[in-house]
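Chain by chain, the residues:
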Amino acid sequence: MTEHQKCQPDNIYINDFGLINALGDNLEDISQHLFAGSQQGFVERHDILPDDKVFVAEVASQLPDIDAYPAHFHSRNNQLALQAYQQIAATVASLKQKYSEHRLGVILGTSTSGIAQGEWAMAAKQQSGQFPEEYDYRVQEMSNLAEFISLVAGLSGVSMTISTACSSSAKTFITASELIRAGVIDAAIVGGVDSLCAMTVNGFSALESTSSGICKPSSINRDGINIGEGAALAVISGDKSDLRLFAGGESSDAHHMSAPHPEGRGAIDAMQQALNKAELSHHQIDYINLHGTATPKNDSMEAIAVAELFPQQPFVSSSKGSIGHTLGAAGATEIGFCCLILRHQKLAPHVSDNMLDPELPLLNWVESCSDNKSEIRYCLSNSFAFGGNNVSLIVGREYE
């Protein structure tokens, strides 16, 4: 038995995290805009769908230059990733010094990778008959993201990218935790990144799932999602921190290729697993960050599932009305929001049109960040994907 195997941690902690999305490119700005219920990042685009306009949630910040890295890493996706990584770089360096570069894993999620660069290259080929010299197909491979962050961080250990649509980055927390507990690695960079591209927007439009305006989660007027972009990276390990990753639950109900189980059976299974593994009861959860996409079927099934499993009605809200649906980055982004909620002891308001669907089960919606009058200790975050792939994560404050 190796020394590393003798020291497998009982608990997993979030040692650091970095975010960039439509609300900003640093934790301070994102916190301010999140708690204010800002929708500043939504813009109307006329150049993505062939015959229609569409609202998306864009990152407006100037992104880091990546020209110094090999050409097959040159993508907006990796620029977003680098911006988030720079926020956690000092913590990564410290853990690398403690454990060595091969004992830190990189487990990330994405659904787009560098597809936008592939779209640009294809458009150029249609004009000139050949792909641009600077285009490298590897930029749009799913593995590209984890390979890039491994290179940037100077790590040589486990490196993998998970791509399960909208649950991708939520799953990275569970996979990395299992690897740490198994003694394969000592710490990991987890999270996800997705950048805007025509393929995803047109795909959801073809499914009649995009909103005609800015999305309205849980509203009687809801008519679909807005695609967003962003990056959310975190460092997890057995080293104690003020934020603990208590548990994660996963299910795959496979009810339908693109529609959730109408009664939320898979969602209930994932949430109950997370509660069981965390050794928490339903009444201990203070806040739930809903998947809350603003599609009729998702919002209905999730409200049914939450109402059934949490009769005490913890506070709930969806982040999609603030940042859109960031797809492969959504799970990690919303865990980042839960970490901000725990540290600031403020709730993230439910941003919609204040016209809740009366057909939905009654939930305890957050109207403003000052709603809560008691301590927030445990947060649960849901991520649901195509094929009935469901993930629920529980994070909380750690006390002596």
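Preceding block: the structure.
For every chain, the first residue of the written sequence is number 1, and numbering continues from 1 onward in sequence order. Local features in a predicted model are, by the rule used here, given only for residues with pLDDT of at least 70; side-chain atom pairs are given and counted only at 80 or more, and totals for whole chains, interfaces and linings are based on all residues. Only heavy atoms go into the side-chain values, all of them from the structure, while hydrogens and water stay out.

> What should I look at first to understand the side chain of T172 in this one?
Following the sequence through the fold, T172 ends up in helix α6 (residues 168-181). The contact criterion used throughout is that any non-hydrogen atoms of two residues lie within 4.5 Å. Here T172 is in contact with I107, L108, G109, I162, V190 and G191, once residues within four sequence places are set aside. Elements are defined by DSSP. Helices are runs of H or I of four residues or more, strands are runs of E of two residues or more, and each kind is numbered from the N terminus.

> Would you mind going over the pattern of salt bridges with me for this structure?
Pairs may arise between side chains of opposite charge once their charged atoms sit close together. Any carboxyl oxygen of Asp or Glu within 4 Å of a side-chain nitrogen of Lys or Arg constitutes a salt bridge here. Counted by the stated rule, this structure contains 16 salt bridges. One salt bridge in this structure joins K53 and E44, with 3.6 Å as the shortest N-O distance. For each residue, the accessible area found with a 1.4 Å probe, counting protein chains only, is set against the maximum for its type, and the residue is called buried under 20%, exposed over 50%, and partly exposed in between. Among the residues examined, K53 registers a relative accessible area of 39% and is labelled partly exposed. R343 serves as the salt-bridge partner of D242, at 3.0 Å between the closest nitrogen and oxygen. Linking D242 in the loop between β7 (230-237) and β8 (243-252) with R343 in helix α11 (residues 330-344), this pair joins segments that are 101 residues apart in sequence. Relative accessible area serves as the criterion here: at 34%, D242 is assigned to the partly exposed category. Taking relative accessible area as the criterion, R343 reaches 40% and is therefore assigned partly exposed.

> Please explain the environment of S219 as it appears in this structure.
Following the sequence through the fold, S219 ends up in the loop between α7 (198-206) and β7. Note: C-alpha distance between S219 and L145 (74 residues apart in sequence) is 35 Å. Look past the residues within four positions of S219 in its chain and what remains in contact with it is S352, D353, M355, L356 and D357. A polar contact is formed between the side chain of S219 and the backbone nitrogen of N221, at a distance of 2.8 Å. Contacts described as polar in this section are N or O atom pairs within 3.5 Å, which, within protein, must combine one atom able to donate a hydrogen with one able to accept it, while residues neighboring in sequence count only if both atoms come from side chains. Engagement of the side chain of S219 in a polar contact is seen with the backbone oxygen of M355, the distance being 3.2 Å.

> Help me understand empty space enclosed by the protein, please; the structure alone is not making it clear to me.
Rolling a probe over the atoms, with the probe sized like a water molecule, indicates the empty space that remains. As defined here, a cavity is a set of points on a 1 Å grid over the protein atoms alone where a 1.4 Å probe fits but cannot get out. A pocket is an open set with protein on both sides within 12 Å along at least five of seven lines, and residues line them when an atom is within 4 Å of a point. Grid points are joined across faces, edges and corners, and a volume is the space filled by probe spheres set on the points. Overall, the coordinates contain 2 cavities of 30 Å³ or more when judged by the stated rule. Taken together, P217, S218, L290, G292, D299, E302, A303, S318, H350, L360, L363 and W365 make up the full set of residues lining the largest cavity. Ranked by residues supplied to the lining of the largest cavity, first place goes to helix α9 (residues 296-309) with 3 residues. Lining the second largest cavity we find I14, F17, L19, F173, A232, L233, A234, A332, I335, G336 and C339.

> I tried to follow the environment of T112 on my own but got confused; where do I start?
Structurally, T112 can be placed in the loop between β4 (104-109) and α4 (115-128). For T112, a relative accessible area of 1% corresponds to the buried category. For the pair T112 and D194, spaced 82 residues apart in sequence, the C-alpha to C-alpha distance is 5.6 Å. Discounting residues that sit within four places of it in the chain, T112 has contacts with N77, M142, D194, S195, C197 and T200. Polar side-chain contacts of T112 include one of 3.2 Å to the backbone nitrogen of S195.

> What should I look at first to understand the pairing of strand β12 (residues 378-385) in this one?
Counting buried positions over the 8 residues of β12 gives 8, a clear majority of the element. The alternating pattern of β12 places Y378, L380, N382 and F384 on one face and C379, S381, S383 and A385 on the opposite face, and all of these are buried. Two strands qualify as a pair provided DSSP detects at least 2 bridges between them. Relative to β12, strand β9 (residues 287-290) runs parallel, the two sharing 3 bridges. Paired with I288 across the strands is L380, a residue of β12. The hairpin turn running from β12 into strand β13 (residues 389-397), its antiparallel successor, is 3 residues long, and G387 in that turn takes a positive phi close to 75°.

> Which parts of the structure should I look at to understand the nonpolar core?
For soluble globular proteins, nonpolar side chains are generally found buried alongside one another. Within the largest apolar cluster, 43 residues are counted, with the highest numbers of intra-cluster contacts made by I14, F173, I236 and Y287. Elements supplying a minimum of two residues to this core: β1 (12-20), α2 (27-36), α6, β6 (187-194), β7, β8, α11 and β13. Considering each element in turn, this core owes the most residues, 8 residues, to α11. Beyond its immediate sequence surroundings of up to four residues, Y287 is in contact with P314, F315, V316, S317, C338, I341, L347, A348, V366, Y378, C379 and L380. Within the second largest apolar cluster, 30 residues are counted, among which are I88, L95, A231 and V235. Working definition of a nonpolar core: buried Ala, Val, Leu, Ile, Met, Phe, Trp, Tyr and Cys residues. They are joined through side-chain atoms within 4.5 Å.

> How do you make sense of the sheet that holds β1 when you look at a structure like this?
In a beta sheet, neighbouring strands are held together by backbone hydrogen bonds and run either parallel or antiparallel to one another. Within the open sheet, the 11 strands sit side by side as β5-β4-β6-β7-β1-β8-β13-β12-β9-β10-β11. Their pairing is mixed. Each edge of the open sheet carries a strand with a single partner, namely β5 (159-162) and β11 (364-365). Strand direction decides the pairing type here: β1 and β8, joined by 2 bridges, are antiparallel. The residue of β8 that forms the bridge with I12 is L245.

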